[in-house]
Amino acid sequence: MMSESETATDLSVMDLYNHLTAQGETVRNLKTNKAPKVDIDAAVQLLLKMKVDYKQVTGQDYKAGCPPVDGLVSIDNDSAVEEGDDQVDPWTVSTSNAKGVDYDKLIVRFGSSKIDQELVDRIARVTGKTPHHFLRRGIFFSHRDMHQILDAYEKQKSFYLYTGRGPSSEAMHVGHLIPFIFTKWLQDAFDVPLVIQLTDDEKYLWKDLSQEECHRYAVENAKDIIACGFDVNKTFIFSDMDYMGSSPSFYRNVVKIQKHVTFNQVKGIFGFTDSDCIGKISFPAIQAAPSFSNSFPQIFGDRKDVQCLIPCAIDQDPYFRMTRDVAPRIGYPKPALLHSTFFPALQGAQTKMSASDANSSIFLTDTPKQIKNKVNKHAFSGGKDTVEEHRKFGGNPDVDVSFMYLTFFLEDDEQLEKIRQDYSSGALLTGELKKCLIETLQPMITAHQEKRKLVTDETVKQFMSPRKLHFNS
């Protein structure tokens, strides 16, 4: 049921549909249990009102067992996914626009909130830290309930962080670092514990990989994650294949979630078909479970009231819209989210980087020479066809992949702005812009490789052992 603070315009279509379904169950239960007529009438009136809201928003009548065709649609009548729109889901990101995905439209479609300057300033005030450049530059651009997290934090009520990685290959690429770089900043700024889920089970279900390969990739990816500098006293990294079998509390939450989500709902949200294996259909509950604190009794005991903040790329949002809908129905707080933009492929911002295409990505295992060759050969340029044209008309940094990469990894705001202006005016050539990127990436990746060498098997075991973490409750 919608809370008093929620209105139809605050909710996605799937949220509205799920609230309606729950209200229908409430009416049936009241009638079955022969509740007082006044209670039944009130519940029926609310149900009728919700049906009216649903029709106004979707343009169609509510039918039990028939969720909206596209679970990614927001409550805006004009926001249905149409031909030519960006495609964004947990497995596919594509757009026809050379500038990349239209994130303002995506916010409307997904029903999230824009991270505006007021929120960035508030994070700075609450933490006493300069906001990370991912926040300053809109790389993390959307949120759900971040103000609620800050309200609680200001009252000395702590929270925890949760992010994850699907280990589909031994080597991660630079795009995979984005959520971990930002999560590390959040952990340090707020001094809170962090859980990192390695979904080796998901990759086994979706990819042509053995369980052993998926688990080995999880351990190898954990080494790259640890090399980002996380505090072992505040960080628990876990493989689903290991942890779910050894944690009754975690599995109980998975089952609770599974009970409250129908097959029709996951089909609507994730596009599953009757031909998909049952493991895929049940997996969303496993990705949802870390959002609830009592999934980690070694950290939080039996507390189920510690709110969770999830930094992730926005393609993962469907999992957590489902989670946020289920949470109040099983007595847990809704997780809050911070969404990042996608890290583009070298060939252009129409797709995100892929670990399966070596030339679309800069890998964390690449040598300085490989980085130089990949950038020079494959990085899509926003420059003109000739030097003369470029000098006269300037380049377009909004479609230039080298400039896009610099917005992620060049920390100096003034230097980045000068590069933008020089490239736009034609003073800086494409080759010179690529050189700036190469000189930024080479030392960064070399430094990461040196840190990774220091991560031993024993270090991984420490991070991946269920244990008590530093938590200011």
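Structure: see above.
Per chain, residues are indexed from 1 in the order of the written sequence. Whole-chain, interface and lining totals are the exception, using all residues; otherwise, since this is a predicted model, local features are given only for residues with pLDDT of at least 70 and side-chain atom pairs are given and counted only at 80 or more. As a convention, hydrogens and water are excluded, and side-chain values are obtained from all of the structure's heavy atoms.

What follows is about the packing of aromatic side chains. Any pair of Phe, Tyr and Trp rings, taking the six-membered ring for Trp, is counted once the centres come within 6.5 Å. Such a pair is stacked with planes under 30 degrees apart, edge-to-face with planes over 60 apart, and tilted for the rest. Overall, the coordinates contain 32 aromatic pairs when judged by the stated rule. Ring geometry for F134 versus F140: centroids 6.3 Å apart, planes at 20 degrees, classification stacked. Of the two residues examined, F134 and F140, each falls in the buried class. Ring centres 6.4 Å apart and planes at 40 degrees place the aromatic pair F134 and F182 in the tilted group. In this pair, F134 sits in helix α5 (residues 133-136) while F182 sits in helix α7 (residues 174-190), placing the two residues 48 residues apart along the sequence. Buried residues are those whose accessible area, probed at 1.4 Å on protein chains only, stays under 20% of the maximum for their type, while exposed residues exceed 50% and partly exposed ones sit between those limits. On the accessibility criterion, F134 (0% relative accessible area) is buried. The exposure class of F182 is buried, given its relative accessible area of 0%. Site record: aromatic cluster; members linked through ring pairs are F134, F140, F182, W185, F343, Y405, F408 and F409. Here a strand is any run of E in DSSP of at least two residues, a helix any run of H or I of at least four, and the numbering for each starts at the N terminus.

Turning next to unusual backbone geometry. Within the chain, D145 stands out as a residue other than glycine whose phi angle is a positive 65 degrees. As for its position among the elements, D145 is in the loop between β4 (140-144) and α6 (146-154). Located in the positive-phi region is Q156, a residue other than glycine, with phi close to 60 degrees. For Q156, the position within the fold is in the loop between α6 and β5 (159-165).

For the rest of this paragraph, the subject is the sheet that holds β4. Strand order in this open sheet of 7 strands is β3-β4-β9-β8-β5-β6-β7, and the pairing throughout is mixed. With one partner strand each, in any of the chains shown, β3 (113-114) and β7 (235-239) form the two edges of the open sheet. Contacts: residue pairs with any heavy atoms within 4.5 Å of one another. As a rule, the C-alpha atoms of each element are fitted with a line to give its axis, helices using only the stretch in contact, and angles between N-to-C directions run from 0 to 180 degrees. Against the sheet, α6 touches β4, β5, β8 (307-313) and β9 (336-340), its axis set at about 140 degrees to β8. Along the sheet face, helix α15 (residues 317-326) touches β4, β5, β8 and β9 and points at about 170 degrees away from the line of β9. DSSP bridges decide pairing: two strands pair if at least two such bridges lie between them.

Attention now moves to the pattern of salt bridges. A side chain with one charge may pair with a side chain of the opposite charge, provided their charged atoms come close. In what follows, salt bridge is the name for a side-chain nitrogen of Lys or Arg lying within 4 Å of a carboxyl oxygen of Asp or Glu. Evaluation of the coordinates by the stated rule reveals 24 salt bridges. For E170, the salt bridge identified is with R216, shortest N-O distance 2.7 Å. In this pair, E170 is assigned in the loop between β5 and α7 and R216 in helix α9 (residues 211-226), connecting sequence segments 46 residues apart. For R216, a relative accessible area of 39% corresponds to the partly exposed category. The salt bridge involving E220 is made with R452; its shortest N-O contact spans 3.0 Å. With E220 in helix α9 and R452 in helix α20 (residues 430-453), this pair connects stretches of sequence that are 232 residues apart. Exposure remark for R452: the relative accessible area of 22% places this residue in the partly exposed category. Connected via shared salt-bridge partners are E220, K223, D224, R452 and D457.

In terms of burial, β4 is largely enclosed, as 5 of its 5 residues are buried. In this sheet, β4 lies alongside β3 in antiparallel orientation, the contact comprising 2 bridges. In the sheet register, K114 faces β4, and the bridge partner there is S142. With 4 bridges joining them, β4 and β9 adopt antiparallel strand pairing. Opposite R144, over in β9, you have L337 as the bridge partner.

Another point: α20. Taking 1.5 Å of rise per residue, the 24 residues of α20 would be expected to cover 34 Å, and the 34 Å separating its terminal C-alpha atoms lies within 8% of that figure. Within α20, burial applies to T430, L433, K434, L437, I438, T440, L441, I445 and H448. As for α20, its buried residues are in contact with α7, α9, α16 (368-378), α17 (387-393), α18 (401-409) and α19 (413-425). Under the convention used throughout, the expected extent of a helix is 1.5 Å for every residue step, that is, one less than its residue count.

Looking now at α18. Burial within α18 is extensive, with 9 of its 9 residues counted as buried. Within α18 the residues assigned to the buried category are V401, S402, F403, M404, Y405, L406, T407, F408 and F409. In protein, a polar contact means a hydrogen-donor-capable atom and an acceptor-capable atom, both N or O and within 3.5 Å, with residues adjacent in sequence counting only if both atoms are side-chain atoms; elsewhere, any N or O pair within 3.5 Å suffices. Measuring from the side-chain oxygen of the N-cap residue of α18 to the backbone nitrogen of S402 gives 3.0 Å; that N-cap residue is D400.

Among the structural elements, S291 can be located in the loop between α13 (278-288) and α14 (297-300). Side-chain polar atoms of S291 contact the backbone oxygen of A288, separated by 2.9 Å. With near-sequence residues (within four places) excluded, S291 lies in contact with Y160, Y162, C308, I310, F320, T323 and P335.

Further remarks concern the nonpolar core. F140, M146, F190, I237 and I362 are the most contacted members of the largest nonpolar core, which totals 65 residues. What F140 contacts, discounting residues up to four positions off in sequence, is I115, F134, L135, I178, P179, F182, P311, C312, L338, H339 and S340. Grouped together as the second largest cluster of nonpolar side chains are 47 residues, Y54, Y243, V261 and I310 included. For this analysis, a nonpolar core means a set of buried residues of the types Ala, Val, Leu, Ile, Met, Phe, Trp, Tyr and Cys, connected via side-chain atoms within 4.5 Å.

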